[in-house]
Amino acid sequence: MEISTVQLVAFGIVTAIMLISALLVVTARNIVHAVFFLIVTLFCVAGYFILLLADFLAAVQILIYVGAVVVLIVFGLILTRARVGQAIPMEEVRQRLWAVLVSLVFFGGASYALLNEKWPVVSVEKMEVTTTSKIADTLFNTYVLPFQVTSVLLLAGLIGAIVLAMREEK
Amino acid sequence: MSLLQTILVIIIELAAALGFIMVTALILIYMLRKVMGHMQARLGPIRVGPHGVLQTVADALKLFGKEDIIPAAADKWTFRIAPAIVFTASLATFSFIPFAPNIVAVNVDISLFFLLAISSLAVLGIVMAGWGSNNKYALLGGLRGVAQMISYEIPLVLSTLGVVMMTGSLNLIDIVEKQKTMYNIVPQFLGFAIFIVAALAKINRTPFDLPEAESELVAGYNTEYSGMRWAFFFLAEFVNIFIISALGTIVFLGGWNGFLISLPPWAWFMIKSYVLIFFVMWVWSTFPRFRADQLMDVGWKILLPLALLNIALTGLVILLREGRIF
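Note that the structure is a prediction, hence the values are computed from the model and not measured.

Re the overall build of chain A
Here is step 1: Within chain A, the secondary structure is distributed over six helices and zero strands.
Here is step 2: The order of α-helices and β-strands along chain A, N terminus first, is α-α-α-α-α-α.
Here is step 3: Classification of the 170 residues of chain A by burial places 22% in the buried group.
Here is step 4: Approximately 12900 Å² of chain A is accessible, and the part contributed by carbon and sulfur atoms is 72%.

This is the structure we're talking about:
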């Protein structure tokens, strides 16, 4: 696959922004700032999808993660505990060792899986122009059962949330 | 094309889009004042220039010269960046709109989906402005804005889905080309009705202007803003009115396809868009405001089920036509 200079430069910029913002997510002392940096990180993931010519996934990434999920996290934080301009006092971290261990194990496992998998590579010329219909086909034909099971799971979560919210009114 | 050329082209395109947006916003603000004025039995701006046409230009110059005040207790960076995010989201959304078969800044296969996705970024700027201002009115306005925009985004997206199913494409140009013989508003009237209501809510306009309800919240999420930063919010609002009207024109009103008299495609597109813009302003100056609970009821209990019904009906009709059932 021929990679043009533009793509390479774009990849570099996106990766740099993503790594810096990801680092800021964990180092920010103000939890709302951390969420804002998380948004930047997730937006950069959409940039990766675009570089990989997966336009549909990029739009989904923006619509769902940046536009909805993270905004709801901010929403929840603001409603519950985030005062403007104040760092939220965090409890002394006592599980540093475990955190490092878990991170290392996850990183090792993920790297091992990524490096050993034989990824199917398609040349740019043979690639299909649109990914939308292919994704729809996969979701609604090949993997229709897992797809439906996931939606039932989400429905259960939804009902659970409503039940929890209703309890106070009684 | 070399890297330098690519970047140069992008900069020129952005500058052109920015210029168009500025001019559009100025025209819309003048139009709103005149339309609203005459509907309320007054004249609207009349002093600056013939019939006050230069009033918004004068206002813009005034805003340029105003002091940019940042409250001492605000979260500085969040406060500063919020207007930029709101405006950038509008600018980026704008680039997907085709004005005529060959006048479109960015043409991708799924431009409708991209347009809707990028427009949802504005929510982020609003929540940042509301939280960063450290002001209870701003915070309430921001929270209301987010709740409303997320709730109404769902019926808005679903209402366009019927058209997408009929067209078989998410590309805005394809959608317009498919409407040569019949505009989508005829078979998709339910979709169009849902679209218009959800669109009014999505751009925070009357009767859904709770995020900036001036009688309760001073000005909502932009209470603490002044000068150019405030102007960015203001501009973004008017750009959003244009974008949503243009989207309605493309998806339901046949885009640049004309009838009876022959005009250049972009002229048809602009005429139809401005008819929708006039409709928005008409509603704006005549309707009272919803209550917050009514707002949520309309979104979740009326519009969403109707949008789902519309999708189911459209699917059924398509299957019947293709003879895949019965």
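Now that the structure has been shown, the text picks up again.
Quick word on the side chain of B:Gln179
Residues and elements named next belong to chain B.
Here is step 1: When you line up the elements, Gln179 lands in the loop between helix H7 (172-177) and helix H8 (189-202).
Here is step 2: Judged by relative accessible area, Gln179 falls into the buried class, the value being 0%.
Here is step 3: At a separation of 2.8 Å, a polar atom in the side chain of Gln179 contacts the main-chain carbonyl oxygen of Ile250.
Here is step 4: Looking at Gln179, its side chain comes within polar contact range of the main-chain nitrogen of Gly254, at 3.0 Å.
Here is step 5: Apart from residues lying up to four places away in sequence, Gln179 is in contact with Asn184, Ile250, Val251, Phe252, Leu253, Gly254 and Asn257.

Focus: the confidence of the model for chain A
Here is step 1: Chain-level pLDDT for chain A is 81 on average; 84% of the residues reach the 70-or-more range.
Here is step 2: Confidence, read as mean pLDDT per element, is least for helix H3 (residues 55-80) of chain A in chain A (80) and greatest for helix H4 (residues 96-116) of chain A (89).

Quick notes on the pattern of salt bridges
Residues and elements named next belong to chain B.
Here is step 1: Tallied over the full model, the rule gives four salt bridges over all chains.
Here is step 2: Across the pair Lys180 and Glu177 runs a salt bridge whose closest N-O atoms are separated by 2.6 Å.
Here is step 3: Given a relative accessible area of 31%, Glu177 falls into the partly exposed group.

Regarding empty space enclosed by the protein
Remark: the empty space left among the atoms is shown by a probe the size of a water molecule rolled over them.
Residues and elements named next belong to chain B.
Here is step 1: Tallying each qualifying case throughout the model produces three cavities of 30 Å³ or more.
Here is step 2: Taken together, Thr93, Leu115, Leu116, Ser119, Ala122, Met149, Lys202, Ile203, Asn240, Ile243, Ile244 and Leu247 make up the lining of the largest cavity.
Here is step 3: Of all the secondary structure elements, the ones that give two or more residues to the lining of the largest cavity are helix H4 (111-119) and helix H10 (227-251).
Here is step 4: Among the residues forming the lining of the largest cavity, the class breakdown is eight nonpolar, three polar and one charged.
Here is step 5: Of the voids in this model, the second largest cavity is the one considered here, and its volume is about 90 Å³.

With respect to the packing of helix H3 (residues 76-94) of chain B against H10(B)
Residues and elements named next belong to chain B.
Here is step 1: One can describe the packing of H3 onto H10 by two numbers: an axis separation of 9 Å at closest approach and a directional angle of 25°. Classified by the interaxial angle, the pair formed by H3 and H10 is roughly parallel. Helix-helix and strand crossings are classified by hand; for H3 and H10 the assignment is left-handed. Two secondary-structure elements touch here, H3 through Arg80, Ala82, Pro83, Val86, Phe87, Ser90, Thr93 and Phe94 and H10 through Arg229, Phe232, Phe233, Leu235, Ala236, Val239, Asn240, Phe242 and Ile243.
Here is step 2: A class-by-class count of the residues in the contact of H3 with H10 yields twelve nonpolar, three polar and two charged.

So, how was this worked out
- Residues numbered from 1 in each chain as written.
- Chains lettered and ligands numbered in written order.
- Predicted model: local features only at pLDDT ≥ 70, side-chain atom pairs only at ≥ 80, totals over all residues.
- Heavy atoms only, no water.
- Helix = DSSP H or I, 4+ residues; strand = E, 2+ residues; numbered from the N terminus.
- Buried < 20%, exposed > 50% of the residue type's maximum accessible area, 1.4 Å probe, protein only.
- Areas by Shrake-Rupley, 256 points an atom, 1.4 Å probe, with all protein chains shown as cover.
- Polar contact = N/O pair within 3.5 Å; in protein donor to acceptor, adjacent residues only side chain to side chain.
- Contact = heavy atoms within 4.5 Å.
- pLDDT = per-residue confidence, 0-100.
- Salt bridge = Lys/Arg side-chain N within 4 Å of Asp/Glu carboxyl O.
- 1 Å grid on protein atoms, 1.4 Å probe; cavity = no way out; pocket = protein on both sides within 12 Å on 5 of 7 lines; lining within 4 Å.
- Points joined across faces, edges and corners; volume = space filled by probe spheres on them.
- Nonpolar A, V, L, I, M, F, W, Y, C, P; charged D, E, K, R; others polar.
- Axes fitted to C-alpha atoms, helices over the stretch in contact; angles between N-to-C directions.
- Parallel < 35°, antiparallel > 145°, perpendicular 65-115°, else oblique.
- Left-handed = near helix turned anticlockwise from the far one by under 90°.

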